Amino acid sequence: MEYCPRCDTENPRDASVCRACGSPLRSGTMVMAVASIAARPQVSIRVVRADGGPESIVRMQRDTLTCGQQGDISLSDDPFIMPLQVRFFFSGIRLAVEDVGGANGVFVRLRQEREVPPGGELRLGRQRLVLEPIPAAATGPGGTQVWGSPDPGYRLRLVQLLEGGLRGGAYPLREGDNLLGREQGDLTFPTDGFVSGRHAVLQVKQDRLQVRDVGSSNGTFIRLSGPTFVDNGDHFLIGRQLLRVEIQAPAA
């Protein structure tokens, strides 16, 4: 079966779009007929400054709108963003988005519980975390431990990604619920003021991970793995910048 990268709905393996939300299930550029301009919604991108400065709003006037150090929305003072990092575009009458820069990626704020695949990334507060599998410990005949300490049963872990691509701490995830927060939980980041006291729950079922935000102030974000549709009010993190998408129905 195929799981939607946006809403996690289970789909037939040969499906090209999600049967629940319509998002594409394949990586690469989404290609669909462009609807007439009159039928399109009005789209604005609000750039929320991390330093608390004045916000800027850019109206989408053409088929596409790019963000990056050299994009239609210029973010030239952010060293963690590529010259062109993200592209918003119309797919029919719906707005879509894709990461065209790679490197540090584009992250969307979770609105509901989502599955994170091995290799998937999360951003919470100032933390950037990548999910990795933990192989089972080697055993000999009859299940005898070959070497080292007994296998504790962990099958997944989150690893911090630091500036410059360095790896930081590794956090094994136990079966069931793992609470992440600043002040309490199984994974804590006490020096990160942008992580809430209770921020997110990471639920492990064997080798699969579901992530749910539990009312954090600054949100939980998952990295885009391919083009996806955008809803009104969606938030995206690129580098140190937060973008909010505002979509209005076309005038009658």
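Each remark here, short or long, concerns the structure printed above.
Fair warning: this is a prediction, and the values are worked out from it, not measured in the lab.

Calculation notes
Residues numbered from 1 in each chain as written. Predicted model: local features only at pLDDT ≥ 70, side-chain atom pairs only at ≥ 80, totals over all residues. Heavy atoms only, no water. Core = buried A, V, L, I, M, F, W, Y, C linked by side-chain atoms within 4.5 Å. Buried < 20%, exposed > 50% of the residue type's maximum accessible area, 1.4 Å probe, protein only. Domains from an automatic or database assignment. Contact = heavy atoms within 4.5 Å. Salt bridge = Lys/Arg side-chain N within 4 Å of Asp/Glu carboxyl O. Helix = DSSP H or I, 4+ residues; strand = E, 2+ residues; numbered from the N terminus. Pairing = 2+ DSSP bridges. 1 Å grid on protein atoms, 1.4 Å probe; cavity = no way out; pocket = protein on both sides within 12 Å on 5 of 7 lines; lining within 4 Å. Points joined across faces, edges and corners; volume = space filled by probe spheres on them. Nonpolar A, V, L, I, M, F, W, Y, C, P; charged D, E, K, R; others polar.

K.L.:
Can you walk me through the nonpolar core in this structure?
P.N.:
A general trend in soluble globular proteins is that nonpolar side chains are found buried together. Within the largest apolar cluster, 41 residues are counted, with the highest numbers of intra-cluster contacts made by Phe 88, Leu 173, Leu 202, Leu 209 and Phe 236. Two domains each put at least three residues into this core: domain 1 (42-105 + 224-251) and domain 2 (110-134 + 155-222). In this structure Leu 202 touches Leu 122, Leu 158, Leu 173, Gly 176, Asp 177, Asn 178, Leu 180, Leu 187, Leu 209, Gln 210 and Val 211, once residues within four positions along its chain are discounted.

K.L.:
Would you take a moment to explain the pattern of salt bridges for this structure?
P.N.:
Oppositely charged side chains can pair when the atoms bearing their charge come close. Counted according to the given criterion, the structure contains 17 salt bridges. Here Asp 234 makes a salt bridge to Arg 111, at a shortest N to O gap of 3.2 Å. With Asp 234 in the loop between strand S20 (228-229) and strand S21 (235-238) and Arg 111 in the loop between strand S9 (106-109) and strand S10 (114-116), this pair connects stretches of sequence that are 123 residues apart. Given a relative accessible area of 55%, Arg 111 falls into the exposed group.

K.L.:
For this particular structure, what's the right way to read the pairing of strand S17 (residues 200-205)?
P.N.:
A regular strand places its side chains on the two faces of the sheet in alternate fashion. Note: strand S15 (residues 176-181) against S17, 5 bridges, orientation antiparallel. Bridging across to S17, Asn 178 finds its partner in Leu 202. Across 6 bridges, S17 lies against strand S18 (residues 208-213) in antiparallel orientation. Pairing of Val 204 across the sheet is with Leu 209, part of S18.

K.L.:
Can you help me understand the environment of Pro 133 in this one?
P.N.:
Within the fold, Pro 133 resides in strand S12 (residues 127-133). Sequence separation between Pro 133 and Pro 118 is 15 residues; the distance between their C-alpha atoms is 6.3 Å.

K.L.:
Could you clarify how one ought to interpret the layout of surface pockets in this entry?
P.N.:
Vacant regions in the atomic arrangement are exposed by a probe of water-molecule size rolled over the atoms. Quantified by volume, the largest pocket comes out at close to 430 Å³. Considering the residues around the largest pocket, the lining is formed by 15 residues, among which Phe 80, Arg 126, Arg 128, Leu 161 and Glu 163 are closest to the centre. Every element with two or more residues in the lining of the largest pocket is listed here: S12 and strand S13 (156-161). Residues belonging to the lining of the largest pocket are distributed by class as follows: 3 nonpolar, 7 polar and 5 charged. Built from parts of two domains, the lining of the largest pocket gets at least three residues from each of domain 1 (42-105 + 224-251) and domain 2 (110-134 + 155-222).

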